[in-house]
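Listed below are the residues making up each chain.
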Amino acid sequence: MSSATTNLRFPSVGDASGRTLGEVEIEALRRVIKSGRLGRWSGNEVAQLEAEFARLLGVGYSAASTSGTSAIHLAVAAVNPEPGDEIIVTPITDFGTVAGILAQNAIPVFADVDPVTGCLTPESVASKLSDRTRAVIVVHLFGGGARIDEISTLCADQGITVIEDCAQAYLTVPPGGETFAGSRATIGCFSLQQSKHITSGDGGLTVTSDADLDQRMRLFSDKGWPRTSGERTHLFYGLNYRMTELQGAVARAQLCKLHGVVASRRKTAANLISRMSDLPGLTTVEDAQHHSFWQFPIVLDTAIVPFDNRAYASAVSKYGVPISSGYLDRVLYLVPAIRDRQPYGTSRFPYTVPPSSREIEYGPGDCPVAENLVGRTLLVIPWNEHYTEEHVDALAMALTGAYESLA
Ligand SMILES: *Cc1c(COP(=O)(O)O)cnc(C)c1O
């Protein structure tokens, strides 16, 4: 197998080649602009998006906002932690998972992950519980389901709210049930940012079946202002996280395409999985039909293969196919914004005692499994609904060729 570099172009989520955008979205924008109703309180595109998304997920309510980060901030604000309360999170995720925790003066506590899926496990969550734990935010990484039902059971008797971060996991079906990620725990959060399965440029959706939480989230996203009461008052502290009608209309059009986008990603991913069965030491997704393939993960067993993720990514890239090692440069607790524990001025609030009840520090070695994934064993191939069998062929050839050249 010679290292023939493919001249195949890979669709990218960064431009039209890898996005499923077209006339329907353009028509949606025309409709809103012609109406002159661009803000959510003057039209009803956003309200309809919320209703349609809640129906899709089979939940009671859905609240739109400006990003995945704000969608999670709404969830944390609705939980309403006391300053210094702890929220358990994974160290392999986007900064948006923890931004809302710090904004509400709570403390992110990092728990370790499963060595294959990269998701929080019930065991790791249990080991980090304290009498200040108020919530757990579980990320369904790359579109693969975490053991969310077990984590919910663990937290239920202790009054701890479980939040699903589904920014990468539209239509993912986590283990232990048949319903979608986002509908399995108490609150689910989604992103409509450029790189996700569907997009309105930016945008967020937070779902729940708890009417009180939904009410708090709506108020938080609109300055605590109860619009329907007719009274100009502010019930509690909130921000302006309102989605525009332009985003809402585009997101509604995108939502109609979601099943097709995910089905197409599953089909080509399943094909690549079958092509990897003769590469011992490379683990990938077990059940393609329950995964939604925001990205296609590969985990190396370094007891079997004589190379690490960086060496393999660089050898595979030589074939002209997209792949990267680690997903992150470093686990989240080692980025300066978290590691330095100074979200507010030079104070150490809320890490100081009080309002925290114990000293929480971050450093190398906190979550060894996560550090090993990012540093040594994890690779991701960007995935896309416009990949064809030719893209899968090129990827299979590159993965095999690089494997043989390094073995
Ligand atoms: C993208 C992402 C976010 C943040 O979403 P934005 O819309 O970019 O703010 C949060 N969590 C995860 C897991 C993500 O992938």
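The structure reproduced in this document is the subject of the present report. (Residues numbered from 1 in each chain as written. Predicted model: local features only at pLDDT ≥ 70, side-chain atom pairs only at ≥ 80, totals over all residues. Heavy atoms only, no water.)

## Quick look at the overall build of the protein chain
- Along its length, the protein chain carries 12 helices and 11 strands.
- At 22 Å, the protein chain has a C-alpha radius of gyration in line with the 22 Å of a compact globule built from 407 residues.
- For the protein chain, the C-alpha atoms occupy an extent of roughly 70 × 55 × 40 Å along the three principal directions.
- Burial statistics for the protein chain: of 407 residues in total, 54% are counted as buried.
- The long-range fraction of contacts in the protein chain, counting pairs at least 24 apart against all pairs at least 6 apart in sequence, stands at 69%.
- As displayed, the protein chain offers around 16500 Å² of accessible surface, 52% of which is attributable to carbon and sulfur atoms.
- Once the 34 positive and 44 negative side-chain charges of the protein chain are each reduced to a mean point, those two points are 7 Å apart. (Helix = DSSP H or I, 4+ residues; strand = E, 2+ residues; numbered from the N terminus. Rg over C-alpha atoms; globule rule 2.2 N^0.38 Å. Buried < 20%, exposed > 50% of the residue type's maximum accessible area, 1.4 Å probe, protein only. Contact = heavy atoms within 4.5 Å. Areas by Shrake-Rupley, 256 points an atom, 1.4 Å probe, with all protein chains shown as cover. Lys, Arg positive; Asp, Glu negative; His and termini not counted. Charge placed at Lys NZ, Arg CZ, Asp CG, Glu CD.)

## Description of a nonpolar patch on the surface
- Side chains of Leu29, Ile33 and Leu38 sit close together on the surface and give an oily, nonpolar patch of about 240 Å² of accessible area.
- By the secondary structure assignment, leucine 38 is in the loop between α1 (23–35) and α2 (45–57).
- On the basis of relative accessible area, leucine 38 is assigned to the partly exposed category, the value being 37%. (Patch = residues over 30% accessible without salt bridge, like charges linked within 9 Å, V, L, I, M, F, W, Y side chains within 5 Å. Salt bridge = Lys/Arg side-chain N within 4 Å of Asp/Glu carboxyl O.)

## Thoughts on the site of the ligand
- Neighbouring the ligand are 14 residues, the closest being Gly68, Thr69, Asp165, Ser191 and Lys196.
- At 2.7 Å, a side-chain N or O of lysine 196 approaches an oxygen atom of the ligand.
- When the ligand sits alone it has 380 Å² of accessible area, and the protein chains cover 94% of it.
- Here the shell around the ligand gets 3 residues from one element, more than from any other, and that element is helix α3 (residues 68–79).
- Classifying every residue of the shell around the ligand by side-chain character gives 3 nonpolar, 8 polar and 3 charged. (Near = heavy atom within 4 Å. Polar contact = N/O pair within 3.5 Å; in protein donor to acceptor, adjacent residues only side chain to side chain. Nonpolar A, V, L, I, M, F, W, Y, C, P; charged D, E, K, R; others polar.)

## Topic: the pairing of strand β9 (residues 295–300)
- With 6 of its 6 residues buried, β9 lies for the most part within the structure.
- Where burial is concerned, the two faces of β9 agree: the one with Gln295, Pro297 and Val299 and the one with Phe296, Ile298 and Leu300 are both buried.

## Looking at the pattern of salt bridges
- Enumeration over the complete set of coordinates arrives at 22 salt bridges.
- The residue arginine 184 makes a salt bridge to aspartate 149 at a minimum N-O spacing of 2.9 Å. Of this pair, arginine 184 sits in the loop between β5 (161–165) and β6 (187–191) while aspartate 149 sits in helix α6 (residues 148–156), and the two are 35 residues apart along the sequence.
- On the accessibility criterion, arginine 184 (13% relative accessible area) is buried.
- Measuring nitrogen to oxygen at the nearest pair gives 2.7 Å for the salt bridge that ties aspartate 222 to arginine 242. Of this pair, aspartate 222 sits in the loop between α7 (211–220) and α8 (245–275) while arginine 242 sits in the loop between α7 and α8, placing them 20 residues apart in sequence.

## Concerning empty space enclosed by the protein
- For the structure shown, the criterion picks out 1 cavity of 30 Å³ or more.
- Lining of the largest cavity is provided by Ile92, Val116, Thr117, Gly118, Leu141, Phe142, Pro297, Val299, Leu373 and Leu378.
- For the lining of the largest cavity, the per-class residue count stands at 8 nonpolar, 2 polar and no charged. (1 Å grid on protein atoms, 1.4 Å probe; cavity = no way out; pocket = protein on both sides within 12 Å on 5 of 7 lines; lining within 4 Å. Points joined across faces, edges and corners; volume = space filled by probe spheres on them.)

## What to know about the side chain of aspartate 112
- Take aspartate 112: it is sitting in the loop between β3 (107–110) and α5 (122–128).
- Although aspartate 112 lies buried, it forms no salt bridge, and the closest oppositely charged side chain, lysine 128, sits 8.1 Å away as judged by the N-O distance.
- Of note is the side chain of aspartate 112, whose polar atom sits 2.9 Å from the backbone nitrogen of valine 369.
- Within the structure, the side chain of aspartate 112 is placed 2.9 Å from the backbone nitrogen of alanine 370, a separation counted as a polar contact.
- Excluding residues that lie within four positions of it along the chain, aspartate 112 makes contacts with Leu120, Thr121, Ser124, Cys367, Pro368, Val369 and Ala370.

## Describing helix α9 (residues 309–317)
- Every buried residue belonging to α9 is among Asn309, Tyr312, Ala313, Ala315 and Val316, and all of these are buried. Viewed along the axis of α9, the buried residues span an arc of 165°, placing them on a single side of the element.
- Packed against the buried residues of α9 are β8 (282–283), β9, β10 (324–325), α11 (368–377), β11 (378–382) and α12 (389–406).
- Structurally, the start of α9 carries an N-cap: the backbone nitrogen of arginine 310 is 3.3 Å from a side-chain oxygen of aspartate 308. (Arc of directions from axis to C-beta.)

## Description of the state of the cysteines
- Enumeration according to the criterion identifies 0 disulfides in this entry.
- Between cysteine 155, a cysteine without a disulfide, and cysteine 189, which holds the nearest cysteine sulfur, the sulfur-to-sulfur distance is 15 Å.
- The class of cysteine 155 is buried, set by a relative accessible area of 0%.
- There is no disulfide at cysteine 367, and the cysteine sulfur nearest it, in cysteine 119, is 14 Å away.
- Residue cysteine 367 is classed as buried on the basis of its relative accessible area of 0%. (Disulfide = S-S within 2.5 Å.)

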